[in-house]
Amino acid sequence: MARNPSDFWRRWHISLSAWCQHYVYMPTLAQWRNPFLSLLLGFLVMGLWHLASWNRVGWALYSSGCVAVFLLWSRWLGRPRPKTWRTHPLWGVASLLLTQAGVVISYSFLANGEDQPLGTSLCILGRLFGLSIRSP
């Protein structure tokens, strides 16, 4: 029931997420002061922890990109003010559906098993958006 990608990943696989936050994200953030690079490295570690493959690298790029877009969007909009469209219950439902759609799209990197070529994953991703791409 997460309403944004950041909240979703905070809740998913809590022990691995917490480990990556403490031992990857925070140290790299302290070193380079770049939250987006730290975010990418954290997702790379989580993806490669499951299996060292190009699909997991693609998954990490996509997932960290979703969280980065959400963070930039949140910074741009600022805090929600009372009685605006961002506090309306329909926005809560829409944000929940957008978050779940983003997560489901990330499964294109895992759809045919862990050992499929990255090109096949990208083909599936393209087909999700209506492109007629043939598998390599």
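Residues numbered from 1 in each chain as written. Predicted model: local features only at pLDDT ≥ 70, side-chain atom pairs only at ≥ 80, totals over all residues. Heavy atoms only, no water.

### Side note on the overall build of the chain
Then comes step 1: Scanning the chain from terminus to terminus reveals six helices and zero strands.
Then comes step 2: For the chain, with 136 residues in total, the buried portion stands at 34%.
Then comes step 3: Counted over contacts in the chain with a minimum sequence separation of 6, partners at least 24 positions apart contribute 48%.
Then comes step 4: Summed over its atoms, the accessible surface of the chain is roughly 9100 Å², and 67% of this surface lies on carbon and sulfur atoms. (Helix = DSSP H or I, 4+ residues; strand = E, 2+ residues; numbered from the N terminus. Buried < 20%, exposed > 50% of the residue type's maximum accessible area, 1.4 Å probe, protein only. Contact = heavy atoms within 4.5 Å. Areas by Shrake-Rupley, 256 points an atom, 1.4 Å probe, with all protein chains shown as cover.)

### Some thoughts on the nonpolar core
Then comes step 1: Judged by nonpolar contacts, the single largest core of 16 residues is most densely connected at Phe8, Trp9, Leu39, Phe43, Met46, Trp59 and Val67.
Then comes step 2: Where this core is concerned, the elements lending two or more residues are helix H1 (5-11), helix H2 (14-32), helix H3 (35-50), helix H4 (54-77) and helix H5 (89-106).
Then comes step 3: Tallying contributions element by element places H4 first for this core, with four residues.
Then comes step 4: Apart from residues lying up to four places away in sequence, phenylalanine 43 is in contact with Trp9, Trp59, Ala60, Ser63, Ser64 and Val67. (Core = buried A, V, L, I, M, F, W, Y, C linked by side-chain atoms within 4.5 Å.)

### Let's talk about a nonpolar patch on the surface
Then comes step 1: Together, Leu128, Phe129, Leu131 and Ile133 make up an exposed nonpolar region whose accessible area comes to about 410 Å².
Then comes step 2: Assignment of secondary structure puts phenylalanine 129 in the segment after helix H6 (118-128). (Patch = residues over 30% accessible without salt bridge, like charges linked within 9 Å, V, L, I, M, F, W, Y side chains within 5 Å. Salt bridge = Lys/Arg side-chain N within 4 Å of Asp/Glu carboxyl O.)

### Comments concerning the environment of aspartate 7
Then comes step 1: For aspartate 7, the position within the fold is in helix H1.
Then comes step 2: Given the relative accessible area of 17%, aspartate 7 is considered buried.
Then comes step 3: Separated by 103 residues in sequence, aspartate 7 and leucine 110 have C-alpha atoms that sit 22 Å apart.

### Considering the side chain of serine 108
Then comes step 1: In this structure, serine 108 sits in the loop between H5 and H6.
Then comes step 2: Ignoring any residue separated from it by four or fewer positions in sequence, one finds serine 108 in contact with Gln116, Ser121, Ile124, Leu125 and Leu128.

### Overview of H3
Then comes step 1: Compared with the 22 Å implied by 1.5 Å per residue over 16 residues, the 23 Å span of H3 between its first and last C-alpha is a close match.
Then comes step 2: Of all the positions in H3, only Ser38, Leu39, Gly42, Phe43, Met46 and Gly47 are classed as buried. Down the axis, H3 shows its buried residues gathered within 170° of arc, on one side only.
Then comes step 3: Against the buried residues of H3 lie H1, H2 and H4.
Then comes step 4: At the N-terminal end of H3, a side-chain oxygen is found 3.0 Å from the backbone nitrogen of phenylalanine 36, two or three residues along, and the residue is asparagine 34. (Expected span 1.5 Å × (residues − 1). Arc of directions from axis to C-beta. Polar contact = N/O pair within 3.5 Å; in protein donor to acceptor, adjacent residues only side chain to side chain.)

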